[in-house]
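Observations on the three-dimensional arrangement
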Amino acid sequence: MKIGRIEAIVGPMFAGKTEELLRRLKRMEYAHKNVILFKPDIDTRYEESYVVSHNKNKSLCVCLKKSVDMFNYVTDKTDAIFIDEFQFLDDESFIALKRRGIRIVLSGLDKDFRGEPFGVMPNVLALADEVLKLRAVCVKCGADANCTQRIINNSPASYNDPIILVGATDSYEARCDACFEIKDKKYKYE
């Protein structure tokens, strides 16, 4: 009987999450395992049918509208699934795949541009067997960055802006806690 597991790779933009996901995928391919790579169809930054890192490493993938669509591709022969940008998907249906003995490797943002937990990711982190939290480099001071700063017209975005805005260096920067800014955010104890 195969035992499934869930591995989560999280952190801010530009931390190397997709690079790590693709590295783990390649290791499984070298071992001649049956793997499937998914991404949400909302991620159109680089190439529609590929998961592409900011370093331009890429691998062919299946695009999903909803998490449950994975079940249309997974068979009894599937050893592992890999899902990039998981924060854009809608549920934890991958748990059923773990019960079927499949290794699930997910990557995504753990926090949105507001610095708050992103979508389904808090549940993913609670259910994961392994969590790797990566850091980027703060573009302002060079410290370890764990925040994704959204930039609009060369200024930090407002707390009231829409949560989802697909982009890369044109709209986002990695920042440390000290350099991270959100306009119009009200903190409970301030």
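Now for a description of the structure that goes with this document. (Residues numbered from 1 in each chain as written. Predicted model: local features only at pLDDT ≥ 70, side-chain atom pairs only at ≥ 80, totals over all residues. Heavy atoms only, no water.)

A separate point is the sheet that holds strand E11 (residues 147-152). Reading across the sheet, the three strands line up as E12-E11-E13 and stay open at both edges, with antiparallel pairing between neighbours. Two strands lie at the open edges of the sheet, namely strand E12 (155-156) and strand E13 (172-175), each paired on one side alone. Note: E11 against E13, four bridges, orientation antiparallel. When the sheet's bridge partners are listed, Cys 147 is paired in E13 with Arg 175. (Pairing = 2+ DSSP bridges. Helix = DSSP H or I, 4+ residues; strand = E, 2+ residues; numbered from the N terminus.)

Let us look at helix H1 (residues 17-30). Spanning 14 residues, H1 covers 20 Å between terminal C-alpha atoms, matching the ideal 20 Å at 1.5 Å per step. All buried positions along H1 are accounted for by Lys 17, Thr 18, Glu 20, Leu 21, Leu 22, Arg 24, Leu 25 and Met 28. (Expected span 1.5 Å × (residues − 1). Buried < 20%, exposed > 50% of the residue type's maximum accessible area, 1.4 Å probe, protein only.)

Here we take up the pattern of salt bridges. Tallied over the full model, the rule gives 13 salt bridges. For Lys 98, the salt bridge identified is with Asp 129, shortest N-O distance 3.1 Å. On the criterion of sequence distance, the pair formed by Lys 98 in helix H2 (residues 94-99) and Asp 129 in the loop between helix H3 (121-127) and strand E8 (130-133) is long-range, its members being 31 residues apart. Note that Glu 181 is salt-bridged to Arg 175, the shortest N-O span being 3.4 Å. The class of Glu 181 is partly exposed, set by a relative accessible area of 42%. We classify Arg 175 as buried; its relative accessible area is 3%. One network of salt bridges, with partners in common, ties together Arg 5, Glu 7, Glu 20, Arg 23, Arg 24, Arg 103 and Glu 130. (Salt bridge = Lys/Arg side-chain N within 4 Å of Asp/Glu carboxyl O.)

Glancing now at the side chain of Asn 146. Tracing the sequence through the fold places Asn 146 in the loop between strand E10 (144-145) and E11. You can call Asn 146 buried: its relative accessible area is 14%. Not counting residues within four places of it along the chain, the set of residues in contact with Asn 146 comprises Pro 12, Lys 111, Arg 135, Arg 175, Cys 176 and Asp 177. (Contact = heavy atoms within 4.5 Å.)

Before going further, it helps to examine the packing of aromatic side chains. The geometry of an aromatic ring pair is captured by two quantities: the separation of the ring centres and the angle between the planes. Counted under the stated rule, the structure contains three aromatic pairs. Seen from their ring centres, Phe 86 and Phe 94 are 5.3 Å apart, and the 85° between their planes marks the pair as edge-to-face. Neither Phe 86 nor Phe 94 differs from the other in exposure class; each is buried. The ring of Tyr 50 carries Lys 58 above its face, with NZ or CZ at 4.7 Å from the centroid. The cationic tip of Arg 150 hangs over the ring face of Phe 113; the distance from NZ or CZ to the ring centre is 3.8 Å. (Phe/Tyr/Trp six-rings, centres within 6.5 Å; stacked < 30°, edge-to-face > 60°. Lys NZ or Arg CZ within 6 Å of the ring centre and 35° of its normal.)

Turning to the nonpolar core, a few remarks are in order. If you look at the biggest cluster of nonpolar residues, it comprises 22 residues, and the most contacted ones within it are Ile 81, Phe 86 and Phe 94. Of all the elements in the fold, those that place two or more residues in this core are strand E1 (5-10), strand E2 (35-40), strand E6 (80-83), H2, strand E7 (103-108) and H3. Among residues more than four places away in sequence, those in contact with Phe 94 are Ile 6, Met 70, Phe 86, Ile 104, Leu 106 and Val 124. (Core = buried A, V, L, I, M, F, W, Y, C linked by side-chain atoms within 4.5 Å.)

Taken in spatial order, the six strands of this open sheet run E5-E2-E6-E7-E1-E8, and their pairing is parallel. Every interior strand has two partners, whereas the edge strands, strand E5 (62-64) and E8, have only one. Neighbouring strand axes in the sheet, compared pairwise and without regard to direction, differ in orientation by 20° on average. As defined by bridge partners, E2 adjoins E6 across four bridges and the pair is classed as parallel. Bridge assignment links Leu 37 to a residue of E6, and that residue is Phe 82. Of the strands in this sheet, E1, E2, E6, E7 and E8 are in contact with H1, which crosses E7 at around 160°. (Axes fitted to C-alpha atoms, helices over the stretch in contact; angles between N-to-C directions.)

What follows concerns unusual backbone geometry. Located in the positive-phi region is Phe 14, a residue other than glycine, with phi close to 70°. Of note, Asn 153 is a non-glycine position whose phi angle comes to about 50°, a positive value. Mapping Asn 153 onto the fold places it in the loop between E11 and E12.

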